[in-house]
Structure formats: structure tokens, C-alpha cells
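Each chain is listed here by its residues.
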Amino acid sequence: MRITRDDVRNVAIIAHVDHGKTTLVDQLLRQSGIFRENQELVDRVMDSNDIERERGITILSKNTAVNYRGTKINIIDTPGHADFGGEVERVLKMVNGVVLVVDAFEGTMPQTRFVLKKALELSLDVVVCVNKCDRPEARPDEVIDEVLELLMDLDANDHQLECPFIFASARSGWARKDLNDGNMDMTPLFEAIVEHIPAPEGDPDAHTQLLVSTIDYNEYVGRIGVGKVDNGVIRVNQECAIVNHHEPDKLRRVKIGKLYEYEGLNRVEVKEARVGSIVAISGISDLHIGDTITSPENPESIPFQKISEPTISMNFMVNDSPLAGQEGSYVTSRHIRERLFRELNTDVSLRVEEVSPDCFKVSGRGELHLSVLIENMRREGFEFAVSKAEVIYRYDERNRREEPMEIAYVDVPDEFSGAVIQKLSGRKGELVGMTPIHGGYTRIEFSIPSRGLIGYRGEFMTDTKGNGILNTEFEGYGPFKGEMFYRKTGSIIAYESGEAITYGLFQAQERGQLFIGAGVKVYAGMVIGQSGKSEDVEVNVCKTKKLTNTRSSSADEALKLVTPKVMSLEQCLEFIDTDELLEVTPENLRIRKKILDPMLRKRAMFKLKQGAAKA
């Protein structure tokens with residue numbers, strides 16, 4: 001007999017990036033009384049990863065739980081970036097409803113549509129939280145209309161269209177049913193969750209069924225599976241079976257090691273968990289997302305949505321530059337292989353393929369997805385090289401090449417719209433629509449190959465003077481749009497190895513923008529700047545001034561160097577061309593040519609041009 005667990009609510013916080021999900025969860029945690037009065041707290045407590053805190057974005061979905069007047073509310077904080085959409089897709093199977101957070105100024109954005117569409121497909125109930133209502137330019141009434149239009153666009157049912165709207169300022173810690181009622185805490189949001197999010201249902205007397213929706217990893221206990229108990233009861237030391245909806249032949253007997261429920265930010269060990277509880281399970285090796293933990297007597301799997309396939313790939317390889325092994329702790333192919341395959345424990349959207357003993361093809365959902373992995377490895381002491389990001393092609397039944405396509409939504413001040421349209425059109429984009437929006441901005445919609453967006457974001461920020469917002473959504477695969485050139489300028493390449501000297505750099509800076517200053521170690525084939533022309537330029541920056549007996553009046557004047565351009569990891573990944581690599585170490589990022597020797601490089605280029613001419 002199915003029962004309803006009225007003392008539990010399972011809810012996910014979903015939104016477009018930077019609309020305030022994590023700050024909202026912060027306030028729910030603080031006001032639920034789970035922290036001690038004298039406990040030192042940081043902002044965005046759910047963003048526990050260093051990179052999340054630095055970039056101000058959520059990368060991994062995380063579980064927490066609060067108690068409100070006798071009801072336990074399990075909350076899942078989800079990412080907003082499209083690159084981490086795989087995180088959103090899988091955790092929604094654990095919840096019965098969502099809180100959709102929408103910025104009171106920006107309104108509905110591309111990722112709002114993406115996450116809401118996923119929630120509606122699973123028939124989840126929605127509570128809309130219009131956040132940042134204390135912004136001077138907030139327009140909550142218009143945003144409500146935008147949300148209702150979006151719900152209708154996405155074919156929401158009548159019940160979902162009647163969703164409650166809560167006005168809030170997560171930063172100030174208040175929520176209100178009516179914007180003018182003066183309430184100064186989060187009570188209305190707590191009440192909306194308890195009233196409008198359905199309680200979980202299940203049969204406590206049926207065979208155990210738990211779908212693993214998230215995998216955590218701990219070096220001490222190994223894999224930790226997180227999921228919701230759909231039916232039955234799950235207990236410590238219970239004999240269970242593992243099955244998978246997408247792998248009909250999979251059937252493995254296991255024993256439950258340890259069982260945890262969430263209380264605030266902590267996992268609390270429990271002996272058993274009932275229907276509707278979100279639990280973490282350790283002690284089962286080789287546990288995967290999508291696996292169902294069930295009773296051996298009746299091993300029935302729970303259907304699970306397949307995670308979208310990766311669209312972009314890079315080669316990760318052993319660093320073989322002349323400076324290899326000097327700065328990293330982990331430099332061998334064995335170290336890199338172990339680390340990449342360990343990442344698969346927790347990241348369902350990632351794929352790793354061994355191309356050769358020293359090279360691994362790593363595929364993900366976007367440049368940001370892969371750059372976060374590179375930055376994490378770099379901080380852990382790894383040293384390696386990566387290639388230019390490339391899209392993953394596929395072929396249709398007639399063997400015609402297809403490539404991933406994106407819908408790019410660009411919000412720019414009116415004065416910059418012409419420059420953006422010109423650039424995106426040059427990258428094989430097709431203008432789909434233009435709409436004037438609030439504040440002198442225009443929303444431009446482009447259908448563009450994923451290739452066209454590689455290396456564009458930095459250029460976009462320059463073109464719009466930092467005022468533009470670019471969001472993308474994967475559209476599917478479309479016909480190949482033809483060849484594309486990523487970069488119109490060449491590289492300035494070091495001609496010999498040594499240490500960069502002021503005199504050599506002074507001569508080189510006339511050729512373009514330099515990336516290095518005096519005293520930096522360089523090697524032949526290393527890219528030290530961006531040329532002002534379309535072809536590559538080789539220079540000797542280790543060259544010293546010849547000493548002579550003659551002196552002129554200006555000879556001893558100090559040589560003035562232009563400040564070098566120091567590039568971030570993302571800028572380096574955007575800059576490198578298909579014949580270049582990025583050398584990544586804990587201390588430095590160096591761009592280099594794949595072929596370091598200038599003669600061999602020229603021969604390879606000549607052969608490539610000959611092959612292109614024949615084709």
C-alpha cells in the first residue's frame with residue numbers, strides 16, 4: 001500500500017547562472033537554525049569547491065537538509081551553467097518539485113528555459129521565487145509575465161501554470177507573498193515549499209528500490225551513491241542487488257555498508273531509511289549513476305533519463321617540452337591516466353578515451369566544463385599539455401558529416417549589436433531573431449555551430465566593453481557548415497632556448513603583443529606573443545646587445561618594454577590554434593607549437609598545404 005510521507009519534502013533549486021540560487025540556500029540554512037549562534041559562517045556556504053568560490057558559480061550539485069516546523073526539507077542546489085547541465089538532469093529524479101529562481105531585473109534567460117524544461121518533462125511542481133527584488137532596476141511584475149509565458153511555451157499543465165510566486169531578496173534574507181507586506185524573513189518561502197511541493201510517496205512494504213542519481217567520491221570510503229528511497233526500506237548490512245534500466249543484463253549482488261541522511265551541511269549516519277528519504281550509501285564498489293539498488297528477490301530497475309552526450313573534446317597529453325618535469329609533482333602518463341579516470345567517478349558528462357600511452361581524448365559539454373577539470377588538476381600538482389578544443393562530429397545514415405549546433409542568446413547594448421552580428425555571422429552563425437529588451441539592450445538570437453563559439457567569449461567581452469551577456473543552449477546536430485578559421489593573427493615564436501633578455505624583447509615587441517617579460521625561461525618553439533600579421537614570426541628574445549667601443553649619446557638610455565599580456569587559463573585555451581598546445585603546470589601556463597623544431601614545422605606545414613591543394 002502506497003503512503004505519503006507528510007514529514008518530508010524533496011526540492012531542487014534551479015535557475016539561470018547568477019540568479020542567486022546558492023545565496024538563497026544560504027539563507028534557508030541560516031534561518032532554519034542548523035548553525036550554532038557563535039558559528040563562523042562564510043557566504044555561499046554550499047559552494048565548497050575553491051574554483052566555485054573564486055568564480056562565483058556552482059559546478060557540482062549538492063545536498064543539504066533543513067527542518068521547518070516538523071517537516072524535513074531536503075534541498076539540492078544545482079548549477080546554472082549549460083556546461084554542467086548533466087548535473088541538473090540527473091538530480092531532478094530525486095525531487096518532487098523545484099524552486100525556480102528568476103532575477104527580478106534580468107527575467108527569464110536561456111538557462112531558465114533549459115532547467116525548467118527538464119523539470120516540466122518530469123512533471124514536477126514549481127514554486128517561482130522572483131529574487132533580487134531590492135535591486136533599484138527590479139521589474140518583478142514584468143518578470144512574472146515572462147515566467148508565465150515561458151511556462152506556456154514549454155506546455156506546462158494547468159496545475160503547473162497555477163504555481164505560487166514568491167518575491168525575495170536572498171542577500172537581505174527576506175521573502176514575501178506580496179511585495180509590499182514588509183516581511184523580513186524567509187518564512188513565506190518555507191511555507192510555499194511545504195504547501196505546494198508534494199510529499200514523496202511510496203510503498204513501505206514493497207521490495208527496496210533506490211535510484212542512484214549522484215555519485216560522490218571519498219578517498220577513504222570510495223564511491224558514495226546518493227539517491228531517494230522510492231519503495232521499501234533500506235538498512236545497513238542489507239543484501240541488495242544492483243540493476244540498470246539501460247543495461248538489462250546488469251545484475252550484481254551487494255551489501256549496504258554505511259547509510260547516511262543529510263542534516264544541514266553534514267551527513268549523519270543512520271541504521272535505516274524509509275520511503276521518500278534522500279540518503280547516501282557507501283561500501284559498494286563500482287556504483288554508477290542510473291543504477292537501481294533493489295531487493296535480490298525482485299530486481300526491478302527504475303527508468304532513468306540518459307545524460308546528454310559530450311559535444312567538445314581535447315587531448316590531454318604528457319608534457320614533453322624542454323622544461324618538462326621541473327614544476328609539477330605528477331608528470332607521467334600513469335598519473336594523468338589515474339586522475340582522469342578518477343574524475344569519471346563523479347562527472348557523468350565526461351568521457352575519457354586512451355588514444356595512445358601518452359595521450360587521452362577527454363570529451364565534455366563545453367569549454368568551461370573542460371577548463372574546470374584542467375584548473376583542478378593544475379592545483380593538485382599535475383603537469384601536462386592540452387590541445388585546442390574541437391567539436392565532436394557524427395555521421396548520418398548517408399555518411400554525411402554533422403556537427404553540434406547551439407542557440408546563442410546575446411544581450412548587448414544597442415550600440416554593440418552590429419559588431420556582434422558581424423562576428424557571429426563570420427563564424428557561420430545564422431541570425432534567428434532580434435528583440436529590443438529593457439534598458440537600451442537588444443537580445444540577438446543566433447543558430448551557430450559549437451565550433452563558432454570556441455575562442456569567441458574573450459573577443460565578445462572586448463567587443464561589448466564588458467557589457468554583453470552571452471548564453472548558449474545545445475540545439476542538436478546539424479549539417480556541417482564548412483571550414484572555419486579560428487584566428488586571423490599569427491604567433492610570435494621563440495627561436496632559441498634560454499632566458500628572455502630586455503634587449504631581445506625590445507626588438508620583438510615591435511612585431512606584436514608579447515606574453516612574457518624579461519627573465520622568463522623560454523625554449524625554441526614556445527609562443528611568446530601574438531603577431532600583428534596573419535603569419536607566424538620567429539624571434540630571438542635571448543639576444544643580448546653586442547658590446548663595442550663606440551658610444552652614442554642615446555646608447556645608454558634604458559630600454560622601455562610594453563607591459564606583457566598575462567592570460568588566464570580560459571584566454572590561453574581560446575588563443576591556441578590547431579597546431580599549438582597549452583603546457584599546463586602548477587606554476588605556469590605556456591603556449592607552444594606542437595612541433596618545436598622550426599625546420600620540421602615548416603615541412604609539416606608544406607605537406608599540409610599540399611594535401612589541402614590536392615583535396
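Just so it is clear, the model here is predicted, and its values are computed rather than measured.

### Focus on the pattern of salt bridges
Any two side chains of opposite charge can pair, so long as their charged atoms come close to each other.
Moving on, step 1. Summed over all chains, the structure comprises 38 salt bridges.
Moving on, step 2. A salt bridge links Arg30 to Asp26; the shortest N-O distance between them is 3.9 Å. Here Asp26 and Arg30 lie together in helix α1 (residues 21-31), a separation of 4 residues that amounts to about one turn.
Moving on, step 3. The residue Glu142 makes a salt bridge to Arg139 at a minimum N-O spacing of 3.3 Å.
Moving on, step 4. Overlapping salt bridges bring together Asp103, Lys132, Arg135 and Glu137 as one network.

### A short note on unusual backbone geometry
For residues other than glycine, phi is negative in most cases, and the peptide bonds are mostly trans.
Moving on, step 1. The phi angle at Lys132 is positive, at roughly 60°, despite the residue not being glycine.
Moving on, step 2. Note that Lys132 resides in the loop between β6 (125-131) and α5 (140-153).
Moving on, step 3. A relative accessible area of 21% places Lys132 in the partly exposed class.
Moving on, step 4. Residue Asp155 is not a glycine yet carries a positive backbone phi of 60°.
Moving on, step 5. In this structure, Asp155 sits in the loop between α5 and α6 (158-161).

### Concerning the UniProt feature "binding site: GTP" (unreviewed entry) in the protein
Moving on, step 1. In the numbering used here, UniProt assigns the "binding site: GTP" (unreviewed entry) feature to Asp18, His19, Gly20, Lys21, Thr22 and Thr23.
Moving on, step 2. Its place among the elements puts Asp18 in the loop between β2 (8-15) and α1.
Moving on, step 3. Tracing the sequence through the fold places His19 in the loop between β2 and α1.
Moving on, step 4. Non-local contacts of His19, meaning those with residues more than four positions away in its chain, are made with Val101, Val102, Asp103, Glu106, Gly107, Met109, Thr112, Asn131 and Lys132.

### As for the sheet that holds strand β15 (residues 258-263)
Moving on, step 1. Across the sheet, which stays open at both edges, the 8 strands sit in the order β14-β13-β19-β10-β11-β18-β15-β16 with antiparallel pairing between neighbours. The open sheet is flanked by β14 (247-255) and β16 (266-270), the only strands paired with a single partner. Recorded for the sheet is a direction-independent mean angle of 35° between the axes of neighbouring strands.
Moving on, step 2. Bridge count between β15 and β16: 5 bridges; the pairing is antiparallel. Counterpart to Tyr260 in the pairing with β16 is Glu269.

### What about the confidence of the model for the protein?
Moving on, step 1. With 90% of its residues at a pLDDT of 70 or more, the protein shows a mean pLDDT of 85.
Moving on, step 2. Averaged over each element, pLDDT in the protein is lowest for helix α2 (residues 50-55) (43) and highest for strand β23 (residues 384-387) (96).
Moving on, step 3. Confidence drops under pLDDT 50 across residues 51-61; counting only partners more than four residues distant or on other chains, this segment forms 50 contacts.

### What to know about the environment of Leu582
Moving on, step 1. Take Leu582: it is sitting in strand β36 (residues 580-584).
Moving on, step 2. You can call Leu582 buried: its relative accessible area is 0%.
Moving on, step 3. Measuring from C-alpha to C-alpha, the distance between Leu582 and Phe384 comes to 8.5 Å, with 198 residues separating the pair along the chain.
Moving on, step 4. If we skip the residues at most four places from it in the chain, Leu582 touches Phe384, Ala385, Val386, Leu569, Cys572, Leu573, Ile576, Leu589, Arg590 and Ile591.

### Thoughts on α5
Moving on, step 1. The end-to-end C-alpha distance of α5, which contains 14 residues, comes to 20 Å, matching closely the 20 Å that a straight helix rising 1.5 Å per residue would cover.
Moving on, step 2. Buried within α5 are the following residues: Pro140, Val143, Ile144, Val147, Leu150 and Leu151. What you see down the axis of α5 is that its buried residues fit within an arc of 125°, all on one side. Facing away from the buried surface of α5 by more than 90 degrees, the exposed residues are Asp141, Met152 and Asp153.
Moving on, step 3. Buried residues along α5 sit against β5 (97-103), α4 (110-121), β6, α6 and β7 (165-169).
Moving on, step 4. Immediately beyond the C-terminal end of α5, within one or two residues, lies Asp155, with a positive phi of roughly 60°.

Procedures and definitions
- Residue positions are counted from 1 within each chain, in the order its sequence is given.
- In keeping with the predicted nature of the model, local features appear solely for residues at pLDDT of at least 70, side-chain atom pairs appear and are counted solely at 80 or more, and the whole-chain, interface and lining totals rest on all residues.
- Water and hydrogen atoms were dropped before computing side-chain values, which therefore reflect all heavy atoms in the structure.
- Whenever a carboxyl oxygen of Asp or Glu lies within 4 Å of a side-chain nitrogen of Lys or Arg, that contact is scored as a salt bridge.
- The helix count covers DSSP runs of H or I at least four residues long, the strand count covers runs of E at least two residues long, and both are numbered beginning at the N terminus.
- For every residue, the accessible area obtained with a 1.4 Å probe (protein chains only) is divided by the maximum for its type, and the residue is called buried under 20%, exposed over 50%, and partly exposed between those limits.
- UniProt positions are given in the numbering used here, feature names are shortened, and annotations may be inferred rather than shown by experiment.
- Contact criterion: two residues are considered in contact whenever any of their non-hydrogen atoms come within 4.5 Å of each other.
- Strand pairing requires that DSSP identify at least two bridges connecting the strands.
- Lines fitted to C-alpha atoms define the axes here, with helix axes fitted over just the stretch in contact, and angles between the N-to-C directions of these axes take values from 0 to 180 degrees.
- Every residue gets a pLDDT, meaning the predictor's confidence in that residue, from 0 to 100.
- Expected helix span is taken as 1.5 Å per residue step, with the number of steps being one fewer than the number of residues.
- It is the directions from the helix axis to the C-beta atoms that the arc portrays.

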